[in-house]
Structure formats: structure tokens, C-alpha cells
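In case you want the letters, here they are:
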Amino acid sequence: MVGGGNAALCAALAAAEHRVSVLVLERAPESAAGGNSTFTAGAVRCVYNGVDDLRELVPDLSAEMIAITDFGSYTEENFFDDMGRVTEYRADPDLVELLVRRSRQTLLWMRSKGVRFAPIYGRQAFKVDGRFKFWGGLTIEAVGGGPGLVTSLTEAARTNGITIAYGTRALNLIAGDEGVTGVRFKCAGKTQEVRCKAVVLAAGGFESNTEWRTRYLGPGWDLAKVRGTSYNTGDGIRMALEVGAMPWGNWSGCHAVGWDRNAPAFGDLAVGDGFQKHSYPFSIMLNAHGQRFVDEGADFRNYTYAKYGRVILAQPGQFAWQLFDKKVLHLLRDEYRIRQVTRVQARTLEELVLKLDDVDAQEALKTVNAYNAAVQREVPFNPNIKDGRGTLGLVIPKSNWANTVDEPPFEAYAVTCGITFTFGGVKVNTQAQVIDTEGDPIHGLYAAGEMVGGIFYFNYPGGTGLMSGAVFGKIAGSSAGELASRAHGNTAGQ
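Read on for a plain summary of the structure. Treat the numbers as computed from the prediction; the structure is a model and nothing was measured. (Residues numbered from 1 in each chain as written. Predicted model: local features only at pLDDT ≥ 70, side-chain atom pairs only at ≥ 80, totals over all residues. Heavy atoms only, no water.)

Some remarks on the pattern of salt bridges
Definition in use: When a carboxyl oxygen of Asp or Glu lies within 4 Å of a side-chain nitrogen of Lys or Arg, that pair is called a salt bridge. For the purposes of this entry, the term helix denotes a DSSP run of H or I that reaches at least four residues, the term strand denotes a run of E that reaches at least two, and both are numbered from the N terminus. Partly exposed residues are those whose accessible area sits between 20% and 50% of the maximum for their type, while under 20% is buried and over 50% is exposed, using a 1.4 Å probe and protein chains only.
Overall, the coordinates contain 28 salt bridges when judged by the stated rule. Across the salt bridge formed by Glu 97 and Arg 101, the nearest N and O atoms sit 3.0 Å from each other. With Glu 97 and Arg 101 both in helix 5 (residues 93-101) and four residues apart, the pair spans about one turn of that helix. You can call Glu 97 partly exposed: its relative accessible area is 35%. Take Arg 101: its relative accessible area is 41%, and that puts it in the partly exposed class. For Lys 355, the salt bridge goes to Glu 351, with nearest N and O atoms at 3.2 Å. Each of Arg 27, Arg 169, Asp 235, Arg 238 and Glu 242 takes part in salt bridges that share partners, so that together they form one network.

See below:
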């Protein structure tokens, strides 16, 4: 297995079920291992038909919490509809079918390996009139978030006799007419190789490669912050292409969000995903010209946040400010309260706009006043539903959750673009075999996680990245393990 995050570790565990020996090559040192998975909040999107299905995944869910919570359901049809809608119906239907239909059973399998899940109270359900209601098809997360997920999978891997080599960078695949037969890698300054019957590539996208970002995503992407690991530089994709893999998917697309303007160039494990600023549906966002530039309430956050980073990057200076007033401050997510935050506060709007660094204050005040006048105040505000409380007469409307910004204290947060992962990768079939440019499987080579092209285009539903990594990691590992098991009579293989 090349990689050390959610997809790679799921692949390793699935391969080990075939009683073969498994080696995981993780480029990062152990202190920074886990790829982008470690930087996530651990949310996973899966099918469930009601609270009984959730209780199988979260058996310690109390009767008291069930009594005050509307969990609803998230059916296969809902998942299919969301994947089609947000990817503009370009996603590979065969891969999407696997993702959707195997989502819940994959999480149950992960639970059997020791991963624990919990409902996402606070981020996905607000308490209104004494009752929580989950929204946007995203209901559970791994306990401990991304770090907890990686820790649980790592412990399971060790329990199952899987060897993890940290600080080990895969360099290239060993391949010939018979397919892929090994990997060359560098560890402790020395180049080595391992021979095996199957290789699973799960080494992430190329979001941490400035040159590739600019080459494939386009001008300006060299200026984006990287939300996660600095180690995802496209090595796995490059290795696959070098042996003839077919490039596939949305190579000019990526998952990119609103990220603190003054965050470091790469993710900080001490902060995790805290630099994100995802309460923007309750804000208005202004650019350097003091103008709104996007419908902040177009849909639930889950369906817009992964594409709004690109919109922010396109603004003058590659930044924006999110403005809130007292009415909604209690709804802000925990990430707005971290110490490393770019925030200003004021008692009047006139004072607030003067504090927005690099913004035309006069134009900003005009924009806020025009917005306030356009809010449909007669429509009730409800953060748990698309409430239809919008604006009238604005060139750029706000479709839901439109509250006037007129009650002190006021707060504003500066954001830029934070890239999470790239959508382009290699083509795989339903067994997670890598397909070559002739349309044939490359014997012995499999891929999973962010390396798989064809699943996400333009956008993605929140929580689908970890779910996809787990589903296709399990498929890739099972396929590789079965191949190695057949070749070695259940005695060896990688």
C-alpha cells in the first residue's frame, strides 16, 4: 500500500483479511502520518433509512438524545441525487453506484475493525424549539475526528499484523509485460525496492504541488493555501501514469473552501481543520471592492463549501470578509473561536467596515445597507431547513437564511482559498484496478482515495471524500489481497 491515510489503511485491512502479508509505505514521519484524513473533521456521508440504521453504527446513542432529535433518513436515492446534482451529472455512474450502495456496509465493516462513530451535533443540527434536526444528508463522524479515525485504523492495522513504514517515499513502480511487480522507495536516504504480487496506490492528489496546481487547475492556484498535508504532491498519480495509467476525471477541478486568510501555507495538525470558516450561509461576504459576489445561502453548506474556495480565489486579492451580527453569532461553528483567527469586532457598521483590511469601506457600507433593505423580514428564519428567507431586487440574491446585518456587536472574519484535494486522477474499474490508456486493467495495480478520477466534478457533497476513500480502499485491498492470495496459496503477498 502506498499511502497512509483512510483509503490506504482501509485497503491494508481489507487485504489482510485474505491472510497475505501487507506493507504500508507512508511518506510522512509517524508524527505527521495519515495524509489529508488527519486534517478532516471526520464526517462521513452514508445511506441510512432511519434511526435504527444509525444505532447500528452508533450503538451508544442514548434514548434521551433520540427523543429530542429528528435524524430523518438519507436514502440511496438521496445520495444518488446529490452526487448527480453537485457534479452536474458527470460522475462515473458505476463508481457512484459502488460509493452509494456500499457506504453503510463499509462503515459497519470499519466499526468491526474498531472505528467508532457519533452524530455530528453542533455542526449539522441546530437546536430549535428544544429539538435538533439534522440536515444536508450528513449525520455522523468518526469519534476523534480525522485524527481519531487515523489512530483507530492504525491500531487496527497493527493488531492485524500489518507493517507500516513511516518516512518512506515511494519513487516508482516496478513494471513489465506481466504488470506491476513491485515498488522502489527511499527510506533513511537509501533507495530500496520491494517485490510483490499487487500494489495499491492511495497516496492522495496533487494539491500540495504548486507547479501541478498551476499547470492543471490554472493561473492563480499557486496562491492558494493547502488545507492539509504537505506530502500530497501527486507522487502516486505520477507513478501510475509512468506505467501507462489513463488520466481520468476533472483534472482542472478541486475541493477548495473558505480558509483563514492568514493561515500557514500548509495545514497545521495542532489546529486541524480549524482554519476553515463554514458558517458563511449566515453571513454576507464582501470582496476588496466592498461588494457581495456569491449567493451565500444558495444551499446547505454541505453542497456549496467545496466550490466556494474557487470563487474566493477569483476575487481581487484572493480574499473576502464574512460579516455577522449579534442575531447569528451563537450559530457560528467552533472554528470561529480558535486563537489563530483573523477577526475584527465593532459596535457600529461604520466602525466595522473601516476595520476590514484592504476593503473599500465606503462601498462596503453601501452594500450592507442595500442588502439589509432587500431582506424579506416577514419570512421566518430557520437554520435547520432551506427556509426561503431571501432577498428581493439584488443583482446577487441571497436565497436562504438572509438576516439583516444591523444588530451589534458585529464580527467579521477574513478568508482566502484553502485547497483540500484535487479531483483529477487515474481511471479504475469496479474492482479498483487501474486502467491503462488502451482501456485494459494493469495487472497487479489498484488505486483508491483521492487518486481515483471520475467521481467528483466541479463540487462534492460534504463527507463524501472519506466515504469514497473507505469504500474504494476496501475494494482495492480486497482485490489486491485476493490476487496475492491466489498467487501464493494464502501465504504471502503485498
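Some points on helix 6 (residues 103-112)
What helix 6 keeps buried is the set Ser 103, Arg 104, Thr 106, Leu 107, Trp 109 and Met 110. Just downstream of helix 6, Gly 114 is the residue with a positive phi angle, here 115 degrees.

Some remarks on the side chain of Asp 53
Our working definition: Note on contacts: a residue pair is in contact if any heavy atoms of the two residues lie within 4.5 Å.
Within the secondary structure layout, Asp 53 lies in helix 2 (residues 51-57). Those residues in contact with Asp 53, other than ones at most four positions away along the chain, are Tyr 48 and Arg 104.

Some points on the pairing of strand 18 (residues 343-346)
Quick note on the threshold: Between any two strands, pairing holds if DSSP finds at least two bridges.
Alternating positions in strand 18 separate cleanly, Val 344 and Ala 346 being buried on one face and Arg 343 and Gln 345 remaining unburied on the opposite face. Alignment of strand 18 against strand 19 (residues 410-422), held across four bridges, turns out to be antiparallel. Each bridged residue has a counterpart across the sheet, and for Val 344 the counterpart in strand 19 is Ala 412.

Some details on the side chain of Ser 103
Inspection of the secondary structure puts Ser 103 in helix 6. The contacts of Ser 103, once residues within four sequence positions are left out, are Arg 45, Cys 46, Val 47, Phe 79, Leu 98, Met 467 and Val 471.

Things to note about the packing of aromatic side chains
Here is the rule: Only centres within 6.5 Å qualify two rings of Phe, Tyr or Trp (six-membered ring in Trp) as a pair; their planes then separate them into stacked at under 30 degrees, edge-to-face at over 60, and tilted for everything else. Geometrically, a lysine NZ or arginine CZ counts as sitting over a ring once it is within 6 Å of the ring centre and also within 35 degrees of the ring normal.
Applying the stated rule across the entire model yields 29 aromatic pairs. Here Tyr 74 and Phe 79 contribute two aromatic rings whose centre-to-centre distance is 5.5 Å and whose plane-to-plane angle is 45 degrees, an arrangement assigned as tilted. On the accessibility criterion, Phe 79 (0% relative accessible area) is buried. Judged by centre distance (5.5 Å) and plane angle (55 degrees), the rings of Tyr 280 and Tyr 308 are tilted. Of this pair, Tyr 280 sits in the loop between strand 15 (254-260) and strand 16 (284-286) while Tyr 308 sits in helix 10 (residues 305-313), placing them 28 residues apart in sequence. Its relative accessible area of 3% is what places Tyr 280 among the buried residues. For Tyr 308, a relative accessible area of 7% corresponds to the buried category. By way of ring pairs, the aromatic residues Phe 126, Trp 135, Phe 282, Phe 300, Phe 381 and Trp 401 are connected into one cluster. If you follow Arg 261 out to its NZ or CZ, it ends over the ring of Phe 319, 3.8 Å from the centre. One residue, Lys 474, lies across the ring of Trp 109, its end atom 5.2 Å from the ring centre.

Digging into the sheet that holds strand 22 (residues 441-447)
Put simply, the rule reads: Lines fitted to C-alpha atoms define the axes, with helix axes restricted to the stretch in contact, and inter-axis angles between N-to-C directions lie between 0 and 180 degrees.
Taken in spatial order, the three strands make up an open sheet running 12-22-21, and their pairing is mixed. The open sheet has two free edges, formed respectively by strand 12 (199-201) and strand 21 (433-435), since each of these has just one partner strand. The mean inter-strand angle of the sheet, taken between neighbouring strand axes irrespective of direction, is 55 degrees. Helix 14 (residues 464-488) contacts strand 12 and strand 22 of the sheet and is inclined by roughly 135 degrees relative to strand 22.

Examining the environment of Thr 437
By the element assignment, Thr 437 lies in the loop between strand 21 and strand 22. Not counting residues up to four positions away in its chain, the partners in contact with Thr 437 are Gly 244, Ala 245, Met 246 and Pro 247.

Concerning the pairing of strand 10 (residues 179-187)
Alignment of strand 9 (residues 168-176) against strand 10, held across eight bridges, turns out to be antiparallel. The residue bridging Gly 176 from the neighbouring strand is Gly 179, located in strand 10. Bridge count between strand 10 and strand 11 (residues 190-195): six bridges; the pairing is antiparallel. Pairing of Cys 187 across the sheet is with Lys 190, part of strand 11.

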